[in-house]
Amino acid sequence: MFQKILIANRGEIALRVLRACKELGIQTVVVHSTADADAMHVRLADESVCIGPPPSRDSYLNIHQIVAACEITGADAVHPGYGFLSENAKFADILAAHNITFIGPTGDHIRIMGDKIEAKRTAKRLGIPVVPGSDGAVTEDKEAKRIAAAIGYPVIIKASAGGGGRGMKVAHSEADLEVALQTARSEADAAFGDDAVYIEKYLQKPRHIEVQVFGDGAGRGVHFGERDCSLQRRHQKVWEEAPSPALNAEERSHIGGVCARAIADLGYSGAGTIEFLYEDGEFYFIEMNTRLQVEHPVTEAITGIDLVHEQIRVASGGGLSVRQEDIRFHGHAIECRINAEDPRTFTPSPGTITHFHTPGGLGIRVDSGVYSGYKIPPYYDSLIGKLIVHGRNRVECMMRLRRALDEFVVDGIRTTLPLFRDLVGNADIANGDYDIHWLEKYLAEGE
Ligand code: ADP
């Protein structure tokens, strides 16, 4: 087991990882920017190192500073959290070259999944169902027209280097295709310095369903069921639940089994999420994230297994603590992402939290690094906390969520809490009847 883990992140996830380390009796080091000197994870860590000024590129993305912090403090492993350097293959390689363990997969696995064309090709080879489309990058317009006609309109053009929903364009007919290709290519080139694009069938009312997987790096793979993250705004997840209201036990165990076998065949190590669009009973792979997800607590709630403990175990060579048959699903869990944003316009609302009171009671978990008097710096993303509610079934979970939202108090700034209070009373949400476009339509109607 590791002696000392350096946590290369901030906010709620830094605290989340710190808690797991403490439980496992591992010393903790956190790094932070000058803007985060007062953060909760800095207060609670055994050691902390200031690695630079507020902008992320000078601090949380500064590989040299982070490696230097490992060497100064004698950390033998790094947990990257999510975002920042968590899917940076070069960072994983550099740590390996310094004999520091990256708590995550190998640099090569990160690289494969970071390139969407390569990821899709790999998924297909491993027997994971993918969205019908081009086999690789499409360079000629003529070829694009032929492929689009074969799969049928509408189609979506996506950037191979894509992320965050950038470089994606939908074409509804051949007349739109040339412009869509050109725009996607130039957006991809501007955003990622790589203009490679590919074509897929555009699904019109899919759900976003993702499978939590784990590999032990030695050929064993397991799945922890799925999460439904269809409630999104601008491709950003807002509300996540496990299990998906749309799947039955048979579908769950089928897609989970496919994913677990793929992870085993890949020789993958650590936590991963295989993301699908789901429509009319079919799954279509869209991408794999090679890290812990923001929404991992809903999976923890229904399985009772600490996924960060598992990540640390696997990275230290101790293997997984569970076999597939040990992973059972109990009840239902929902996570609300509470952002420091206006609940109608979603403009960021940094500033001082004058009063912060979290709900409690059976089945309630709040993961947050903020506190009364905390000043939210304007430099980072606006997530200030996650409310995770568990119940014996979805109805109980929703009742408990409504009560928890009523108790939650955040004063001094604007937050997205009112949005969740609306959603929890909505009939479609109560019925679990929504797809990836539902939330944007709902918000547009309210304007
Ligand atoms: P990114 O990495 O940029 O977030 P993804 O491939 O994960 O891109 O897709 C992001 C979102 O775009 C999906 O959650 C979905 O809403 C939409 N999307 C992607 N591919 C398709 C498709 N083939 N059909 C319909 N919507 C799609």
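Think of each chain on its own: its residues are numbered from 1, step by step along the sequence as written. A pLDDT threshold of at least 70 governs which residues receive local features in this predicted model, and a stricter bar of 80 or more applies before side-chain atom pairs are shown or counted, although totals over entire chains, interfaces and linings include all residues. With hydrogens and water stripped out, all remaining heavy atoms of the structure feed into the side-chain values.

Draft legend 1. Fine view of the state of the cysteines. Any pair of cysteine sulfurs within 2.5 Å is marked as a disulfide. This structure, assessed with the given rule, holds 0 disulfides. The cysteine cysteine 50 is free of any disulfide, with cysteine 70 supplying the nearest cysteine sulfur at 15 Å. Cysteine 70 takes part in no disulfide bond, and the closest cysteine sulfur to it belongs to cysteine 21, at a distance of 13 Å.

Draft legend 2. Layout of the pattern of salt bridges. In what follows, salt bridge is the name for a side-chain nitrogen of Lys or Arg lying within 4 Å of a carboxyl oxygen of Asp or Glu. One pass over the structure, following the stated rule, counts 35 salt bridges. Among the ionic pairs, lysine 124 bridges to aspartate 135, the shortest N-O distance being 3.5 Å. With a gap of 11 residues between them, lysine 124 in helix H6 (residues 116-125) and aspartate 135 in the loop between H6 and helix H7 (141-151) connect regions that are remote in the sequence. Notably, a salt bridge pairs arginine 365 with glutamate 300, separated by 2.8 Å at the nearest N-O pair. Within this pair, whereas arginine 365 is found in strand S17 (residues 364-367), its partner glutamate 300 is found in helix H10 (residues 296-303), the two being separated by 65 residues in sequence. Put simply, DSSP marks the helices as runs of H or I at least four residues long and the strands as runs of E at least two long, and each gets a number from the N terminus on.

Draft legend 3. Structural detail: the pairing of strand S13 (residues 282-289). Counted residue by residue, S13 has 6 buried out of 8 residues, so it is predominantly covered. Only when DSSP finds a minimum of two bridges between them are two strands counted as paired. Taking the residues between adjacent antiparallel strands as the criterion, strand S12 (residues 269-279) and S13 are bridged by 2 residues, where aspartate 280 takes a positive phi near 50°. For the exposure calls, accessible area comes from a 1.4 Å probe over protein chains only, and a residue counts as buried if that area is under 20% of its type's maximum, exposed if over 50%, partly exposed in between.

Draft legend 4. Structural detail: the site of the ligand. Lining the immediate surroundings of the ligand are 20 residues, of which Lys116, Lys158, Gly165, Lys201 and Leu203 lie closest. Nitrogen and oxygen atoms within 3.5 Å of one another constitute a polar contact, given that in protein one can donate a hydrogen and the other can accept it, and given that sequence-neighbouring residues count only through two side-chain atoms. The separation between an oxygen atom of the ligand and a polar main-chain atom of glycine 163 is 3.4 Å. At a separation of 2.9 Å, a nitrogen atom of the ligand approaches a polar backbone atom of lysine 201. At the level of elements, strand S6 (155-159), strand S8 (197-201), S12 and S13 are the ones that each hand at least two residues to the shell around the ligand. Partitioning the shell around the ligand into residue classes produces 8 nonpolar, 6 polar and 6 charged. By convention here, the domain bounds are inherited from an automatic or database domain assignment. Residues lining the shell around the ligand come from more than one domain, with at least three contributed by each of domain 2 (132-201) and domain 3 (207-445). Summary of the distance rule: residues count as near a molecule or strand when at least one heavy atom falls within 4 Å of that molecule or strand. When residue character is reported, Ala, Val, Leu, Ile, Met, Phe, Trp, Tyr, Cys and Pro are called nonpolar, Asp, Glu, Lys and Arg charged, and the others, Gly included, polar.

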